[in-house]
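Structure assessment
Below are the chains, spelled out letter by letter.
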Amino acid sequence: MMDKSDRLFSHSHRKWTLRTVLILCFVANSSLFSQVLTQTVKGTIIDKQTQAPIPGVIVQLLNSDPPLGTSSDENGNFRIPDVPIGRWQIRFKFVSYQEKVITIILNSGKESVSNIELEESVIESEEVVITGEQDKTQTNNKMSTVSSRVFSSEEAARYAGSRNDPARMAANFAGVSGANDSRNDIIVRGNSPLGILWRLNGLDIPNPNHFGNSGSTGGPISILNNNSLDNSDFMTGAFPADYGNATAGVFDLRMRKGNNEKHEFLAQLGFNGFELGAEGPFSKKKNSSFMFNYRYSTLAVFKALHIDFGTGDAVPQYQDLTFKTDFNTKRFGKFSVWGVGGLSYVALLESDKKQGQDLYGFSARDVYFRSNVGASGISHTYLFKNNAYLKTNFGVSGSYNKITADRIDTAFKTPNHLKPEYRQTTQNIRYSANTNYNKKFNSRNFLTVGLYGDMFNTLFVDSNDFLFGNNTFVVLRNYKGITSLARGFVELQHKFSDNFLINVGLSDQYFLLNNSNAVEPRLGLKYSINRKQSLSLGGGLHSQLQPIYVYFATDNSSGKPVETNRDLDFTRAAHAVLAYDNNFSTNFRLKTELYYQYIYNAPVKNYSDYFSALNLGADFTSPNVSNLVSKGTGYNYGLEITLEKFYSKGYYFLFTSSLFESKYRGSDGILRNTAFNGNYVCNLLGGKEFKIRQKHTVSFDVRATYAGGKRYTPIDLQASIAKGDEVRDGSRAYEERYSPYFRVDVKPGYRYNGRKITHEFSVDIQNITRNENVFQQSYDITHKTIKTDYQLRFFVIPQYRIYF
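Below: a short report on this structure. (Residues numbered from 1 in each chain as written. Predicted model: local features only at pLDDT ≥ 70, side-chain atom pairs only at ≥ 80, totals over all residues. Heavy atoms only, no water.)

**Some points on the sheet that holds strand β1 (residues 38-47)**
Operational definition: Two strands qualify as a pair provided DSSP detects at least 2 bridges between them. Secondary structure elements follow DSSP: runs of H or I no shorter than four residues count as helices, runs of E no shorter than two count as strands, and numbering proceeds from the N terminus. All axes are obtained by fitting lines to C-alpha atoms, using only the stretch in contact for helices, and the reported angles, taken between N-to-C directions, cover 0 to 180 degrees.
The strand order β4-β1-β7 describes an open sheet built from three strands, whose pairing is mixed. What marks the edges here is a single partner per strand, and that holds for β4 (77-84) and β7 (112-118). Taking each pair of neighbouring strands and ignoring which way they run, the sheet shows an average axis angle of 25°. In this sheet, β4 lies alongside β1 in antiparallel orientation, the contact comprising six bridges. Counted as the bridge partner of Gln 39 is Val 83 from β4.

**Focus: the pattern of salt bridges**
Stated precisely, the cut-off is as follows: One speaks of a salt bridge when a side-chain nitrogen belonging to Lys or Arg is within 4 Å of a carboxyl oxygen belonging to Asp or Glu. To sort residues, take the accessible area from a 1.4 Å probe on protein chains only and compare it with the maximum for the residue type: under 20% means buried, over 50% means exposed, and anything in between is partly exposed.
A full pass over the atoms with the stated rule returns 46 salt bridges. Two residues, Glu 99 and Lys 93, come together in a salt bridge whose shortest N-O distance is 3.9 Å. Of the residues examined, Glu 99 reaches a relative accessible area of 17% and is grouped as buried. Because the salt bridges share partners, they merge into one network encompassing Arg 87, Glu 154, Arg 158, Glu 689 and Arg 751.

**Points about the sheet that holds strand β2 (residues 58-61)**
Read across the sheet, four strands follow the order β3-β2-β5-β6 without closing on themselves; strand pairing throughout is antiparallel. Edge strands, defined here as strands with exactly one partner in the open sheet, are β3 (68-71) and β6 (100-106). Between one strand and the next, the sheet's axes are offset by a mean angle of 20°, whatever the strand orientation. Sheet topology places strand β5 (residues 86-93) next to β6; seven bridges connect them, and they run antiparallel. Counted as the bridge partner of Arg 87 is Ile 105 from β6.

**Focus: the packing of aromatic side chains**
To keep things clear, this is the line we draw: Two rings belonging to Phe, Tyr or Trp (six-membered ring only in the last case) form a pair when the distance between their centres is within 6.5 Å. Interplanar angles under 30 degrees mark stacking, angles over 60 mark edge-to-face geometry, and anything in between is tilted. Lysine NZ or arginine CZ positioned within 6 Å of the ring centre and within 35 degrees of the ring normal marks a charge as sitting over the ring.
Enumeration according to the criterion identifies 28 aromatic pairs in this entry. When the ring of Tyr 598 is compared with that of Tyr 600, the centres are 5.9 Å apart and the planes differ by 20°; the resulting orientation is stacked. By relative accessible area, which is 35% here, Tyr 598 ends up partly exposed. By relative accessible area, which is 24% here, Tyr 600 ends up partly exposed. Each ring, one from Tyr 664 and one from Tyr 734, has its centre 6.5 Å from the other, and the planes form 75°; the classification is edge-to-face. Taken as a pair, Tyr 664 in strand β35 (residues 651-665) and Tyr 734 in the loop between α8 (717-723) and β40 (736-737) lie far apart in primary sequence, 70 residues in all. We classify Tyr 664 as buried; its relative accessible area is 0%. Judged by relative accessible area, Tyr 734 falls into the buried class, the value being 14%. Grouped by ring-pair contacts, the aromatic residues Phe 151, Phe 173, Trp 198, Phe 234 and Phe 251 constitute a single cluster. The ring of Tyr 647 has Arg 87 lying over it, and the distance from NZ or CZ to the ring centre is 3.6 Å. When the ring centre of Tyr 595 is taken as reference, the NZ or CZ atom of Arg 189 above it lies at 4.4 Å.

**Examining the pairing of strand β37 (residues 680-692)**
By the bridge criterion, nine bridges tie β35 to β37 in an arrangement that is antiparallel. In the sheet register, Tyr 652 faces β37, and the bridge partner there is Gly 687. Bridging between β37 and strand β38 (residues 696-707) involves 12 bridges; their strand directions are antiparallel. Paired with Leu 685 across the two strands is Arg 703, which belongs to β38. A loop of three residues connects β37 with β38, the two strands running antiparallel in sequence, and Arg 693 in this loop sits at a positive phi of about 55°.

Structural data, given as structure tokens:
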């Protein structure tokens, strides 16, 4: 019900931008002849397979004059003080391990802390060619072979149009389509956004976004604070066996550790909110640390100050909190306690809209929407002396939604001509536990075994009034209960040599609500033709539960609600991916992937109809669709190309292109386009930094996206007029499409480093060409016409950040 509400972020922003630009004008002392500014570079180096510290690793800052470097101590820690600020490449080298190079940005207001994982070579004398930046294919997950990429929080902050949001940043990668300005739902290879798995610090979590409805995976603003994230993985297919309950893609996110030696602080002001952050050691013993970030809606603050932006009561109000603590003990291992949470509320009142105003809301309806989401966990890692470790996680997560919708009609003889139309209250609390045993037998063989358990405590109640009479509300769903999902997996990696490896895995998951079971074999192969080129193959079976609300949909045709979907199976998919990688020059990489996915056991109607659950997630609703059976099918196939120049010599660029087809069959047997079959998407982005002496850095980033228009089912105007509400022509499901999506964003920025303080200012200007991308067509109840809504026509997001 809430797609249009997300657009008010841009509309309410117009007046705010002008005022904020004045507020955010900052003045920095810029003496050009002061002493050289320095900062500390430090971190910890561990074995990727065993997580054990590696002492004696040589750490060098490349191209430093005089040469700067050190070696790791017995605990794997390294520290290089008095490093001049700026962008540096750091090389890590140790006998019998593959060499690694990373890039960091060193500011005067914050120390650089890196957690480095090195992988042991099969042949000790083998040397690895150094690249200008870390290999994006070398993910945190040890078993990933294809369709995966590691990304940093710096990338999410750097890319134009990303809004410091990992999901919006991922929309630039091959195979991903995110042609939606109002929400960060991402479409991976033609699959529904509902097929995405979100994992944080080892625990699967619900939709981590403000204003996210039940069962959705996106929203206008993420609760995941980019300032608290470490390097994380993003996968688009054929993922390893330790990921279950997903068919489209995986976000495997990690929160970074706080600085364990020095207290540091952060303040940030932007359109996304006012933010304060702190981190540092709990004590001088340096074996524990904390990190904390809090954010509050900028527009809500201005509303409290009685600053009006022309949106009436429709001001998005939200706040979120992120924290993480880490404790290291000598006898009992490593402990971590973390949490994220967000509260959000908005009122979209048609009755509050001024004459001629068309900024937000739903036709002839007042809608109130509240959404709360959170997750918290405890992690424990214990290292054994035989090259093995055990990692265990316990956590609780949940989401809460409340929707109230009232219909406006001049025929109603009620105050303000309002009558109740729809009510929804949903709550889903998940209790999670998992444990993973990891064993490195030698440089060639590595084993992982894991058990996962999730218990869902679910409440879903909603009702609708189609007649607007007295006591004519009809209960759609009314469920309160507990169910569980259990899963286990085993994975083995064998390296025939440093040039050839195989990953094999098996996953099994069991849903206690209806005793559904899914056994999923996985396979990955990688062969390095030479030091620059490689071929990879990945495949396997993947399965996913339906959104919980689908199982409790009711058929009310008999006058009494009857649950008809409890026996639905997992939606299942077979993935196959062939990849070619070519690092044809220092800092340059070309990658192509060819994939095919066959989807089966998707829920469709038990009578002839176009509906398929593969199209759920195309809008924001949680529809009450009853009488479903697991007999639907579909397929996706495509070709992806990535050409990337890693950051070096002051600039970078990334070009990605995807050509794909996405089809499905409902119970009527007709082959149709899915709602997500955009057919093509191209992204081109890049940036350049200009360093002015030591203290000043000016940056300029640009991004352009061109994608196939969104598929839609046309509105039957005459039927809509007769019914007095929107009616779609199901016989023509997803036949039509909007015009191609095109958007250009630019992002100028400035960074000033003072003594022990760093100022950053940027202005993200989105859709600078003012292209009119269609958001959707809807039926206007008041005027009895079809109305076209557009996405962002022009959007400016200033941001100021200070480290100290």
